[in-house]
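Take a look at the letters that make up each chain.
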Amino acid sequence: MSSISQTVQNRDIRQLGINPNHWYVVARSSEVTNKPIGVVLWQQAIALYRDNQGTVHALEDRCPHRQVKLSHGQVVGSDLECAYHGWRFDSSGECAAVPYLAENQKLPSCKIRSYPVKEQDGFIWLFLGDKTPTIEPLGLPEWDHLNYIATVSIINCHAHYSYLIENLMDMYHGHLHQDLQAWAEAALQDIDEDNHCVEAHYTAQSYYKIDKIWSISQLFFPALRRLHPEPLDVSYIYPHWASKLGQDFRIYCLLCPINETQTKAYLVHFTSLNAFWRLHKLPIWFRRFVKNSLFGAAQKLLDGLVVQDVKMIEEEQQAYLQNPDRRNYELNRALVSVQRLMRTQVEDNS
């Protein structure tokens, strides 16, 4: 084993970096307009904006002239203009114009970094690495599918991303959520893993069964819920997370790690309408109207789960910062696999 590999293997998981050679989610599509916004992905400040053609671009969020944030500026055509002195930069990061440039002066040769971005499934995906991307962003096939109703909740937690992933992979923590949880009596059955993914297969009792049009009301009225057995599968597809509860629910968590003690993520919940076969025979425009009208139907449920999880995750982080040598006693073997995958991914990038 090389000295770099040994360093990674010995490094505390709570201080582990990320593998930048993946696609991370930095914003929802609706958040990015012709008014630039600033985001942070693993200590890198990035300015996002749409040009006059509607294409999204990502530049290092600094003007090389005076090092102020370009995200304070404005979009002019396809360029990003600094608010301070009006220097403009094109989508490749080259200086394109200086308003007070004299006739005998050349444009400065300064260049800032540009990042590959993709707009897909309602989100802006960014590739942080120096290599040419050889993989695609994680797909959300349900996003545009007319049989799935989406809800999006934003997670902001002051904790290392490993705490969030472990929380999502550990289905025994349903005890925390009480009336908000979608499942009960989880039991880990099997684990499949490789260098890219950990899949944990649980059995559980689900509180929801969406098989009749009135059964959607279970999302809003707890008294209508009845437990029934369902498979519960959760997957850490580095660097993101996906889950499936029976045939009715799909949930994704799209990661945007900010630094060693701060993580942002988008939790995307899909409720299936596949059981409503009569709905499938209606005109496409009407089905799209139903899908769009019900967007966010599970917002209260999802936001409630996030608040409860974030509180625990942040307490874990604070406990670690106060006593980094204190040992945890873990019984869920899926989390051992998750930590191994995190280390492997960082080691592969070393």
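Our subject is the structure that appears above.
To keep things clear, this report deals only with the structure shown in the data block.

Here is what the cut-offs are and how they apply
- Residues numbered from 1 in each chain as written.
- Predicted model: local features only at pLDDT ≥ 70, side-chain atom pairs only at ≥ 80, totals over all residues.
- Heavy atoms only, no water.
- Core = buried A, V, L, I, M, F, W, Y, C linked by side-chain atoms within 4.5 Å.
- Buried < 20%, exposed > 50% of the residue type's maximum accessible area, 1.4 Å probe, protein only.
- Helix = DSSP H or I, 4+ residues; strand = E, 2+ residues; numbered from the N terminus.
- Contact = heavy atoms within 4.5 Å.
- 1 Å grid on protein atoms, 1.4 Å probe; cavity = no way out; pocket = protein on both sides within 12 Å on 5 of 7 lines; lining within 4 Å.
- Points joined across faces, edges and corners; volume = space filled by probe spheres on them.
- Nonpolar A, V, L, I, M, F, W, Y, C, P; charged D, E, K, R; others polar.

1. Some thoughts on the nonpolar core
Consideration 1: Judged by nonpolar contacts, the single largest core of 76 residues is most densely connected at F123, M169, Y236 and L254.
Consideration 2: Ranked by residue count, the leading element in this core is strand β16 (residues 249–259), at 7 residues.
Consideration 3: When residues no more than four places from it in sequence are discounted, the contact partners of F123 are V25, A27, R28, S29, K118, L140, W143, V152, L254, Y266 and V268.
Consideration 4: Among the nonpolar cores identified, the runner-up in size contains 13 residues, and A47, Y49, L59 and V75 belong to it.

2. Digging into the layout of surface pockets
Consideration 1: In this structure, the largest pocket occupies an estimated 810 Å³ of space.
Consideration 2: R14, Y163, E166, E316 and N328 are the residues nearest the centre of the largest pocket, which is lined by 26 residues in total.
Consideration 3: When residues of the lining of the largest pocket are traced back to their parent elements, those giving at least two are α2 (161–169), α4 (299–322) and α5 (333–349).
Consideration 4: Element by element, the count of residues in the lining of the largest pocket is highest for α4, at 6 residues.
Consideration 5: Here the lining of the largest pocket is built from residues that sort into 10 nonpolar, 6 polar and 10 charged.
Consideration 6: Considered as a void within the structure, the second largest pocket measures approximately 220 Å³ in volume.
Consideration 7: If you trace the second largest pocket, you find 13 residues lining it, with N19, N21, H22, T134 and I135 closest to the centre.
Consideration 8: A per-element tally of the lining of the second largest pocket places α5 first, with 3 residues.
Consideration 9: Tallied by class, residues from the lining of the second largest pocket come to 3 nonpolar, 8 polar and 2 charged.

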